[in-house]
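Geometric and topological summary
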Amino acid sequence: MDKQKIDGNLTNNVVDAKTLQTKINEIRQAQKIFATYTQEQVDKIFLAMAIAADKARIPLAKMAVRDTGMGIIEDKVIKNHYAAEYIYNAYKNTKTCGIIERDATFGWTKIAEPIGVIAAIIPTTNPTSTVIFKILIALKTRNGLIISPHPRAKNCTISAAKIMLDAAIKAGAPENIIGWIDEPSLELSNQVMHEADLILATGGPGMVRAAYSSGKPAIGVGPGNVPAIVASSANIRMAASSILMSKTFDNGMICASEQSAIVLADVYNEFKKEIIYQGGYVLSAIDAQKVGSTLIVNGSLNPKIVGQSAFTIAKMAGVNVPITTKVLIAEVTATDFAKEPFAHEKLSPCLALYKAENFEEAITKADHLILQGGLGHTTSLFINHETDYEKIQIWQTRMRTGRCLVNTPSSQGGIGDLFNFKLKPSLTLGCGSWGGNAVSENVGVQHLLNTKIVACRRENMLWYRVPEKVYFKRGSLAIACREFKEVYNKKRAFIVTDKFLYYSGFTKEVTKYLDEMGIQHATFFDVEPDPSIETAQTGAEAMRTFQPDLIIAIGGGSPIDAAKIMWVLYEHPEVVFQDLAMRFMDIRKRIAKFPRMGDKAYFCAIPTTSGTGSEVTPFAVITDNRNHIKYPLADYELLPKMAIIDPDLTMNVPQGLTAASGIDALTHALEALASTMASDYTNGTAREAARLIFKYLPSAYTNGAKDVKAREEMANASCMAGIAFANAFLGVCHSMAHKLGSYHHIPHGIANALLINEVIKFNCSEAPIKMGTFSQYKYPQGLKRYSELADYIGFGGKSPEDKVQNLINEINKLKTHLNIPKSIQDAGVKEDIFLATLDKMSEDAFDDQCTGANPRYPLISEIKEMYLNAYYGKVLPLKIK
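Residues numbered from 1 in each chain as written. Predicted model: local features only at pLDDT ≥ 70, side-chain atom pairs only at ≥ 80, totals over all residues. Heavy atoms only, no water.

Of regular secondary structure, the protein possesses 32 helices and 25 strands. Taken against the 2.2 N^0.38 rule, which gives 29 Å for 881 residues, the C-alpha radius of gyration of the protein at 39 Å runs more than 25% over that of a compact globule. Viewed in the frame of its principal axes, the protein has a C-alpha envelope of about 115 × 65 × 50 Å. Of all 881 residues assigned to the protein, the portion counted as buried reaches 59%. (Helix = DSSP H or I, 4+ residues; strand = E, 2+ residues; numbered from the N terminus. Rg over C-alpha atoms; globule rule 2.2 N^0.38 Å. Buried < 20%, exposed > 50% of the residue type's maximum accessible area, 1.4 Å probe, protein only.)

Rendered as structure tokens:
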């Protein structure tokens, strides 16, 4: 291909602001058409352009050297060949049109869209290879391109662009998809940058700064100034050869080429001898000063030496060297730009040579050189990567560059895919925030795409988790306890309970079986009604002394909850309680993870009341007495391994406790049913638990042990409600009850009873201010779920509103039967004290762990209003809007 065929008619008449604007408009219209092309059409054009550029690689290289007076024709041929072949090969199968990724299971689709018109700023150092690269990645991504050549290299740059445009049009591209400035100027370059949708800038620091200050998105690069460390374990011959190969390539004009070699003292002479042998020329001190004064003039790189041969530069400096000299080398010590010209990026076959007494000094020198003029770009290390891996790790950590090359000529290694095949090929090397760039990697097609994600609503995986074993029915305790020895071969049991149960002899129902089986045991019975963090810590210390392999919690919610926390602190004394109490939005994604439980001790829960359900839940409530906060902890690691529900243990529960625990169980069922996380698995359990409680709690309260059936069904209902809320979670009623109890010392079950009516009415709104957030909860369902429960139990009613009102009426009847106060005020809380704590109590309730699963997400002001209604016993009508 001769010069005439390449040059042809190069002009597209862009010589001033008006003609440039016309051309940009033409490109923009062409790009709108191009944006509709399929991947198949784009890939056909991509291939045609790569072939055309590759065929023109030699004449384009000749033109580049002729126009700029810089570089080596043979090396520019390689650059052009690389830009065409390697870029095509890297991206030929890359999807850049329409849907590029899809996951039907998760309803996730990624779509690639073009950016629009790209401004390509082309440097004089690589005027043809860079334009080949930028055209290929721009059109692969269905973008239009407006090219701003360097004035000194405009002919060769435009020639390359014309060849590729012709090939693209023949392959089906719109006619004006590529354009260029025929008479480049600073004003027109600025106009290009202001008019484009994205700037792809390769050039000097001034040009890159202009791109980033243009007000348009820009991808620019920074100066190289690559230091190469030669470690003591390096293959010296390979190191010298690699540095010379890189430094002489196109007369050192690739920005990734080594600018200095920092050699460890023990191999310094060997390296110096080898690099001289291979063609390097070490300057005398006087000659180094002469060459240095020629390289850097008034603090800046002398443009006359860029891309010139070592012999030519020496001649310019008045220094005689052999014409065969490959690289001019100056032995220097200073790394400051102000003191040492050779410390700069030189874009020529000139190299600074430093001696380092140790590896740390070498890294320090390299870092200082990069800091002054090479941040983010590239650094190089020659070392034995098998024996000195630790040093490589130190070096890669300290170097603030996007490319850290090991045993690699940096010019060829930095551009990618030649010495490491995972490093993407590119002729625009990002320097990241270190170098003030938008990207730190090798620029490619991914940077010239807008991607949009189509995310379809999906319901996340749910679960149904219960203890490994749940034993129930009267007399189950005796049979289940046998497993401690016969199945698990346990030897040391630690029992956690409270004083009342201990002195009432309840623990003897278990210890007699432990004695029969020869299992040693100890009992901790200092758990208070609202167990505190301090009690849990004391119990855990007792566990560490006794070293049990079996923990048995006997009692209501307080002993079981306290035992769970003791279990955690016993098995993992390193945990921080505040981390365990950290709130979460999704238990699967919590920040602070609970440790794995059960490695030291098997946990069995034996309830003696019918209410908390703690024996089958992953929850525990613990009180911080100093801050008046109840922490509801939640994690499935807290789930007991075995639960034994033996109604014989609940027969003689006092009336007050029967009432409080029974209404607590009912609240568990009601909140699990309304929860945003409720499922078919939990709904059936919750409904049946509620039905059993309405039916059997009155008799269990009134007749106690005389009605064995009622006691047994209440034990079952409590456990079933626990299983339901263990998987569906609770709601704002429990959030408010936790804080009401901690601030005003109202028993938890009673607190729930005082609040549940208000919460039901609150949750029935069909148009709430805010709705609970969970993917499976599609719209307000509180009214529907409560009315369905009323139907299931048989409370009657014509409309959903009637049914819910009947449900509330039945709850009131039940509370009256149980002698539960009608209001918080009736429960004995003084008005002035209540009002003084109301704001903080409302805020704390909002932040309670249980709030997140409530079907209607409450505002703090709404919580406050519910507290006030419950305090004064206001009976307000049900409102669904």
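Let's shift gears to a nonpolar patch on the surface. Together, Phe106, Trp108 and Ile453 make up an exposed nonpolar region whose accessible area comes to about 320 Å². In this fold, Ile453 is placed in strand S17 (residues 449-455). The exposure class of Ile453 is partly exposed, given its relative accessible area of 44%. (Patch = residues over 30% accessible without salt bridge, like charges linked within 9 Å, V, L, I, M, F, W, Y side chains within 5 Å. Areas by Shrake-Rupley, 256 points an atom, 1.4 Å probe, with all protein chains shown as cover. Salt bridge = Lys/Arg side-chain N within 4 Å of Asp/Glu carboxyl O.)

Turning our eyes to something else, we now look at the sheet that holds strand S13 (residues 327-331). In sheet architecture, strand pairing relies on hydrogen bonds along the backbone and comes in two forms, parallel and antiparallel. Pairing is parallel in the open sheet, where seven strands are placed in the order S10-S13-S14-S9-S8-S15-S16. The outermost strands of the open sheet, each flanked by one partner alone, are strand S10 (280-282) and strand S16 (401-406). When the angles between neighbouring strand axes are averaged without regard to direction, this sheet yields 25°. Note that strand S15 (residues 376-382) and S16 share five bridges and pair parallel. (Pairing = 2+ DSSP bridges. Axes fitted to C-alpha atoms, helices over the stretch in contact; angles between N-to-C directions.)

Our focus in this paragraph is helix H4 (residues 57-68). For H4, with twelve residues, the first-to-last C-alpha span of 16 Å sits near the 16 Å given by 1.5 Å per residue. For H4, the set of buried residues is Pro59, Leu60, Ala61, Met63, Ala64, Val65, Asp67 and Thr68. Backbone geometry just downstream of H4 places Gly69 in the positive-phi region, at approximately 70°. (Expected span 1.5 Å × (residues − 1).)

This paragraph deals with the sheet that holds strand S6 (residues 198-201). Sheet architecture is open: five strands sit in the order S5-S4-S3-S6-S7, paired in parallel fashion. Of all the strands in the sheet, the pair left with one neighbour each is strand S5 (178-180) and strand S7 (218-220). Along the sheet, successive strands turn relative to each other by an average axial angle of 20°, direction set aside. Pairing of strand S3 (residues 117-121) with S6 involves four bridges; the strand directions are parallel. Across the sheet, the residue bridging to Ala119 is Ile199, located in S6. In the packing of helix H9 (residues 205-212) onto the sheet, contacts are made with S3, S6 and S7, and the angle to S7 comes to roughly 165°. (Contact = heavy atoms within 4.5 Å.)

Counting residues in hydrophobic clusters, the biggest one holds 83 residues, and the most contacted among them are Ile760, Leu807 and Tyr867. Apart from the residues lying within four places of it in its own chain, the contact partners of Leu807 are Leu670, Phe694, Ile760, Tyr786, Leu789, Ala790 and Phe795. (Core = buried A, V, L, I, M, F, W, Y, C linked by side-chain atoms within 4.5 Å.)

Now for the packing of aromatic side chains. Both the distance between ring centres and the angle between the ring planes are used here to describe each pair of aromatic rings. This model, assessed by the stated rule, comprises 19 aromatic pairs. On the numbers, 4.9 Å between centres and 25° between planes, the contact of Tyr82 with Tyr86 is stacked. Here the residue Tyr82 and the residue Tyr86 both occupy positions in helix H5 (residues 73-91), the gap between them amounting to four residues, near one helical turn. Judged by centre distance (6.4 Å) and plane angle (55°), the rings of Trp463 and Phe729 are tilted. (Phe/Tyr/Trp six-rings, centres within 6.5 Å; stacked < 30°, edge-to-face > 60°.)

Taken as a whole and judged by the stated rule, the model has three cavities of 30 Å³ or more. Contributing to the lining of the largest cavity are Ser610, Thr650, Val653, Thr658, Ser661, Leu697, Ala700, Arg711 and Met714. Listed by contribution, the elements that provide at least two residues to the lining of the largest cavity are helix H24 (655-674), helix H25 (680-703) and helix H26 (708-728). When its residues are assigned to classes, the lining of the largest cavity shows four nonpolar, four polar and one charged. (1 Å grid on protein atoms, 1.4 Å probe; cavity = no way out; pocket = protein on both sides within 12 Å on 5 of 7 lines; lining within 4 Å. Points joined across faces, edges and corners; volume = space filled by probe spheres on them. Nonpolar A, V, L, I, M, F, W, Y, C, P; charged D, E, K, R; others polar.)

A complete count under the given rule lists 35 salt bridges for this structure. One salt bridge connects Arg596 with Asp599, and the closest N-O pair in it is separated by 2.9 Å. By the burial criterion, Arg596 is exposed, and Asp599 matches it. The partner of Lys864 in a salt bridge is Asp839, with the nearest N and O atoms 2.9 Å apart. With Lys864 in helix H32 (residues 860-872) and Asp839 in helix H31 (residues 831-846), this pair connects stretches of sequence that are 25 residues apart. Relative accessible area serves as the criterion here: at 30%, Lys864 is assigned to the partly exposed category. Among the ionic contacts, a cluster of salt bridges with common partners joins Lys76, Lys79 and Asp250.

As a further point, take helix H3 (residues 39-55). Between its first and last C-alpha atoms H3 spans 24 Å; for 17 residues at 1.5 Å apiece the expected length is 24 Å, and the two agree. Among the residues of H3, those classed as buried are Gln39, Val42, Ile45, Phe46, Met49, Ala50, Ala52 and Ala53. Projected down its long axis, H3 carries its buried residues within an arc of 165°, all on one side. Away from the buried face of H3 by more than 90 degrees, exposed residues Glu40, Lys44 and Lys55 are located. Close packing links the buried residues of H3 with helix H2 (17-34), H4, H5, helix H6 (129-140) and helix H7 (154-170). (Arc of directions from axis to C-beta.)

Moving on, we get to unusual backbone geometry. What is expected of a backbone is that most residues other than glycine have negative phi and most peptide bonds are trans. Even without a glycine there, the phi angle at Asn251 is positive, about 55°. Mapping Asn251 onto the fold places it in the loop between helix H10 (236-248) and strand S9 (258-264).

Locating Lys154 in the fold gives a position in helix H7. Sequence separation between Lys154 and Phe106 is 48 residues; the distance between their C-alpha atoms is 51 Å. Not counting chain neighbours up to four residues away, the residues in contact with Lys154 comprise Pro149, Asp182, Glu183 and Pro184.

Bringing the pairing of S6 into the picture now. Covered by surrounding structure in S6 are Leu198 and Leu200 together with Ile199 and Ala201, the residues of both alternating faces. With three bridges joining them, S6 and S7 adopt parallel strand pairing. Its bridge partner being in S7, Leu200 is matched across the sheet by Ile219. Read as a crossover between parallel neighbours, the route from S6 over H9 to S7 is right-handed. (Right-handed = clockwise from strand over helix to strand, strands pointing away.)

Right, let's get into the pairing of strand S2 (residues 108-114). Note on strand geometry: in a regular strand, side chains alternate between the two faces of the sheet. In this structure, strand S1 (residues 98-103) lies alongside S2, joined through five bridges in antiparallel fashion. The partner of Glu101 across the bridge, within S2, is Lys110. Where S1 hands over to S2, the hairpin turn is made up of four residues, of which Gly107 adopts a positive phi near 65°. Pairing analysis gives seven bridges linking S2 to S17, with the strands arranged antiparallel. The residue bridging Pro114 from the neighbouring strand is Leu449, located in S17.

Summarising the model, the protein shows a mean pLDDT of 94, and 99% of its residues fall at 70 or more. Below a pLDDT of 50 lies the segment residues 1-5, which in the model reaches four contacts outside its immediate sequence neighbourhood of four places, other chains included. (pLDDT = per-residue confidence, 0-100.)

Covalent bonding between the sulfur atoms of two cysteines defines a disulfide. Scanning all chains against the criterion turns up zero disulfides. We note that Cys604 lacks a disulfide partner, and the nearest cysteine sulfur, in Cys481, lies 6.6 Å from it. Given a relative accessible area of 0%, Cys604 falls into the buried group. For Cys733, which is in no disulfide, the shortest distance to another cysteine sulfur is to Cys850 and amounts to 9.8 Å. (Disulfide = S-S within 2.5 Å.)

This next bit is on the packing of helix H27 (residues 732-744) against helix H28 (residues 748-763). The N-to-C vectors of H27 and H28 enclose an angle of 135°; their axes lie 8 Å apart at closest approach. In terms of orientation, H27 lies oblique with respect to H28. For the pair H27 and H28, the sense of crossing is right-handed. In this structure, H27 contributes Val732, Cys733, His734, Met736, Ala737, His738 and Leu740 to the contact, and H28 contributes His748, Ala751, Asn752, Leu755, Ile756 and Val759. Tallied by class, the residues present in the contact of H27 with H28 amount to nine nonpolar, four polar and no charged. (Parallel < 35°, antiparallel > 145°, perpendicular 65-115°, else oblique. Left-handed = near helix turned anticlockwise from the far one by under 90°.)

A word on the packing of H6 against H7. For the pair H6 and H7, interaxial distance at closest approach is 9 Å and the crossing angle is 30°. With respect to H7, the element H6 is oriented roughly parallel. Between H6 and H7 lies a crossing of right-handed hand. Facing H6, whose interface residues are Val131, Ile132, Ile135, Leu136 and Leu139, H7 presents Thr157, Ala160, Ala161, Met164 and Ala168. Classifying every residue of the contact of H6 with H7 gives nine nonpolar, one polar and no charged.

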